[in-house]
Amino acid sequence: MTNTHLNIEAVSKSFGPVTALNQIDLKIERGSFVCLLGPSGCGKTTLLRIIAGFEKPTAGRLLLDGTDISEVPPHKRGFGMVFQSLALFPHMSVAENIAYGLKLRKTTAKEQRERVEELLNVVELPHIADRTVSALSGGQRQRVAIARALAIKPKLFLLDEPLSALDAKLRDNMQIELRRLQQKFGVTTVLVTHDQTEAMMLADELVVLDHGKVQQAATPTQVYRQPANSLVADFIGAANLVKAEVDQNGQLALFGNTFKVAADHEPGTAVSVAVRAENISLRPAQANGGSAGRVVFARDLGAFKEWLVSVKDQEIRVRSSASDASEYQVGDLVHLSADPARLSIFPFTGSEDAAN
Amino acid sequence: MSTEFLPRKQALLFAAPAFIAILPFLGACFYILRFSLSGEQGTIEGLSFQAYRDLMTPFFGRSVWLTLKLAFVATVIVMVLAVPLAFVLTSLRSSFFRRLLTISILLPLILNLLVQAYGWILLLGPSGVLNSSLKALGIIERPLFLLFNETGVLLGLVQTSLPLAVFPIVGAVRAISPEYLEAASSLGAGHWRTFKDVTVPLLRPGLVGAASIVFAFNASAFAIPLLLGGRRVQMMGLVIRDMISPLFNWSGAAAAGMILIVLTLFVLVASSWLVRLTTTAKETH
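Residues numbered from 1 in each chain as written. Chains lettered and ligands numbered in written order. Predicted model: local features only at pLDDT ≥ 70, side-chain atom pairs only at ≥ 80, totals over all residues.

A. Highlighting the overall build of chain B. Secondary structure assignment for chain B yields 12 helices and 0 strands. Taken from the N to the C terminus, the helices and strands of chain B come in the order α-α-α-α-α-α-α-α-α-α-α-α. Viewed in the frame of its principal axes, chain B has a C-alpha envelope of about 70 × 70 × 40 Å. Within the span of chain B, comprising 285 residues, buried residues form 29% of the whole. Pairs at least 24 residues apart make up 71% of the contacts formed inside chain B by residues separated by at least 6 positions. (Helix = DSSP H or I, 4+ residues; strand = E, 2+ residues; numbered from the N terminus. Buried ≥ 20, exposed ≤ 12 C-beta atoms within 10 Å, placed from the backbone. Contact = placed C-beta atoms within 7 Å.)

Here it is as C-alpha cells:
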C-alpha cells in the first residue's frame, strides 16, 4: 500500500495570460524528501506557494491525507516554511522567533522554553537564544529559520531555495545537516531548488519541472540514468543533445559509430540523442575527416578533466576522470565514442538546437 | 561600511550649499534666543528673564495647553487616518488609481493654506454649503457652528497635515518584505495577529517619524488657527503674532517662540525615547 501524504491533483495556475503551472499531478509519500527542480521560471516556486497556501490554484486541488485543503488559509495549514530570504523577524530575539509559532498555539511559557532549547540543540546552536537576529552569521540564521519552521511540528516542511545565499562550503554542510534533520524528524519535506547537485544530494524523489509541467518524477538515479525526455536530459548533468537519424536498418550513427536502437524508433526518423559528458571517450585522430573533431577548449578541474570538441557544427562536452592520463590540447584532432548503454534517445523536436 | 554612496569629502562639498542655506536660520534662532533675554521689549538691551516672567500668566498657560492639546489630538487623528490610507496606496495594483490617490493626498501640500481655509469656510461656515443644505432640508433651524472654534481648527490641522504622515508611512510599509507576513502566516498567525505582531513593530520607526513631523507642524500652526479659529482659538502661533503686530513686544514674542521650540523638541525627544525604551525592553527580555 502506498502511503500518500500530499496528493496534488491536476493543479493549474495562471497569472493573467501567463500559465505558470499546467495540470500538475503529484503524489508525495509520507516522510519523503521531495525536491522540485527546474530552471528559473519553470513554476517550481509557484507550486510550493500553492502547497503553502500563499497562492490559490486556478484549477485542481490539494489533498492532505485525503482531505481537500485547497481552501484552507496558510495559517491554518500547519506547514513549516523556510523562505528564500529566511524572513526571521528582526524585532524578535532568536528564542522569540522560534517560539512564535508555539505562542500562537497556546502553549505554556515553560513548554515554549523547552522546545526552543531542544531545537537549538538539534541545530547545534545551544547558546544563542537571547541574541538578536542581526547578530547572527548567515549559517546561523539558516539554522534558526529551520528551527522556527520545525518548532511547530509541521505536517509538511517546505523550503524555498533556502541555501542559495550561502557560500559553497557552508551550503554543502547545510545540505548534509538538512537531510539528517529531515530523517530525524521524519517530516514530509518539499524543497525547491534550481541546483541539481543539491536536489540529487537531498531528494528521495526528484520532480523536474519545466514549462509549467512535471517533466519527470522519479528517484535521482532514475532521473539521471533514464531521463524521461530531452528537456530533463538537458537540464540534469552535463548532457550533450545531438541530432541523429535512424537508418533503414534501424541503426543509429553517432560520432562515426553505429548502434542498434530499440524498434520503437522508425527507420528514417530524426532523433535527438542525449549523451552525458562523462559517457564519451576520446582517442587521437590522424586527419580531420569524417567523424573526427577538434578540441577547442580544455580544462583540468581536479576531480575530472573537461574538453569541448567541435564536431561538424556542434560543440560536444566530454569529461574524463582525474585518473585518466589522457592529455588533449586545444587544436588536437580526436575521435569520439559514446557508451551505447548510457545513451538516451528521444524524438527530435527541434528545440534541441536552442538548448545547446 | 565598505559601500558608500559618496566619499565623505565629496558629500560634504555637495552639501555645502545646504549648510549655507541653514546658517541664516540658525542665526535667526540665536537672534530670537538673544532677544528673548533682552531687558527691553523693542530692542536688545541688557540681559534679563523679564520677558519669560511676563509670560507666566493664566492666558499664556492656557495657550500652551491648547496648543499641545490640539497638536496632540490632531496627530492622533491623522495617524488613525494615514495608516489605512498608506496601506491602500501600497496595495493598489493599477498605476492609474495609485497616481490618482497620490495626487488627492498630496493636494493640500500644493494648494495655498489660505485657499484651503476659505474652502472650509465655504463648506462649513455659518452660511456655507452644509448649513444651507441642512436648513433647506429642515433638519436644523440655526446654523451649526463647526468653524471659528476648536473643532474648526482641529479639522484644518488634520486636513493640512495628513499628507505629511501618509508618505513616510507608505515608505515604511513598502520596506516590509511580504515574506515576513507570509512567515507569520505559515507559523499560524491570522491577518490581525500578523498585523499586530509583525507589521506594527516593523512599521514603528516609520510611524514615530510620521507622528513627529505632524506634531511639530501642528504645534507651530499659524494660518489655520487664524483663519478657522476666528481669533477665539489662541494657539501659540497667534499669541506670538499678536505680541509682535499690535503690541510690538518683540522680546515677549521671542520668549514665547523659544518656549514653543523647547516644548516641541521635548515632546519629540520624549516620545522617541519612550518608543526605544519599550522596544529594547522587549528585546532583552
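Don't stop here, the text continues.
B. Spotlight on the overall build of chain A. Helices and strands together make up the secondary structure of chain A, namely 9 helices and 20 strands. Taking the principal axes of its C-alpha atoms as reference, chain A extends roughly 80 × 45 × 40 Å. Relative to its full complement of 356 residues, chain A shows a buried share of 39%. Contacts spanning at least 24 positions in sequence make up 64% of the contacts within chain A whose residues lie at least 6 apart.

C. Main features of the sheet that holds strand β4 (residues 59-64) of chain A. All names here are of chain A. Reading across the sheet, the 4 strands line up as β2-β1-β4-β5 and stay open at both edges, with antiparallel pairing between neighbours. In the strand order of this sheet, the two ends are held by β2 (18-29) and β5 (67-68), each with one partner. Sheet analysis places strand β1 (residues 4-15) next to β4, joined by 5 bridges and oriented antiparallel. Looking at β4, one finds that Glu 9 is bridged to Arg 61. The strands touched by helix α1 (residues 44-52) are β1, β2 and β4; relative to β2, the strand with the most contacts, the crossing angle is about 60 degrees. (Pairing = 2+ DSSP bridges. Axes fitted to C-alpha atoms, helices over the stretch in contact; angles between N-to-C directions.)

D. The packing of helix α5 (residues 113-124) of chain B against helix α7 (residues 150-174) of chain B, seen in detail. Residues and elements named next belong to chain B. For the pair α5 and α7, the least separation of the axes is 11 Å and the interaxial angle reads 135 degrees. In this view, α5 runs oblique relative to α7, as classed from their interaxial angle. Note on packing geometry: the crossing formed by α5 with α7 is right-handed. Only Leu 155, Gly 156, Gln 159 and Thr 160 of α7 make contact with α5, whose side of the interface consists of Leu 113, Gln 116, Ala 117 and Trp 120. (Parallel < 35°, antiparallel > 145°, perpendicular 65-115°, else oblique. Left-handed = near helix turned anticlockwise from the far one by under 90°.)

E. Looking closely at the interface of chain A and chain B. With 19 residues of chain A at the interface, the matching set in chain B holds 16 residues. Elements supplying a minimum of two residues to the side of chain A that touches chain B: β6 (80-82) and α2 (94-103) of chain A. In terms of residue class, the side of chain A that touches chain B is made up of 11 nonpolar, 7 polar and 1 charged. (Nonpolar A, V, L, I, M, F, W, Y, C, P; charged D, E, K, R; others polar.)

F. Geometry of the nonpolar core. Ranked by size, the top nonpolar core spans 97 residues in total, and within it Cys 35, Leu 36, Leu 158 and Val 207 of chain A carry the most contacts. Looking at this core, the element that brings in the most residues is helix α4 (residues 138-151) of chain A, giving 7 residues. Once residues lying within four places of it in the same chain are set aside, the contact partners of Val 207 of chain A are Leu 26, Val 34, Cys 35, Leu 36, Leu 37, Val 214 and Ala 217 of chain A. Membership of the second largest hydrophobic core comes to 47 residues, among which are Ala 82, Ile 169, Met 243 and Trp 250 of chain B. (Core = buried A, V, L, I, M, F, W, Y, C linked by C-beta atoms within 7 Å.)

So far we have only geometry, and geometry alone does not tell us how the molecule works.
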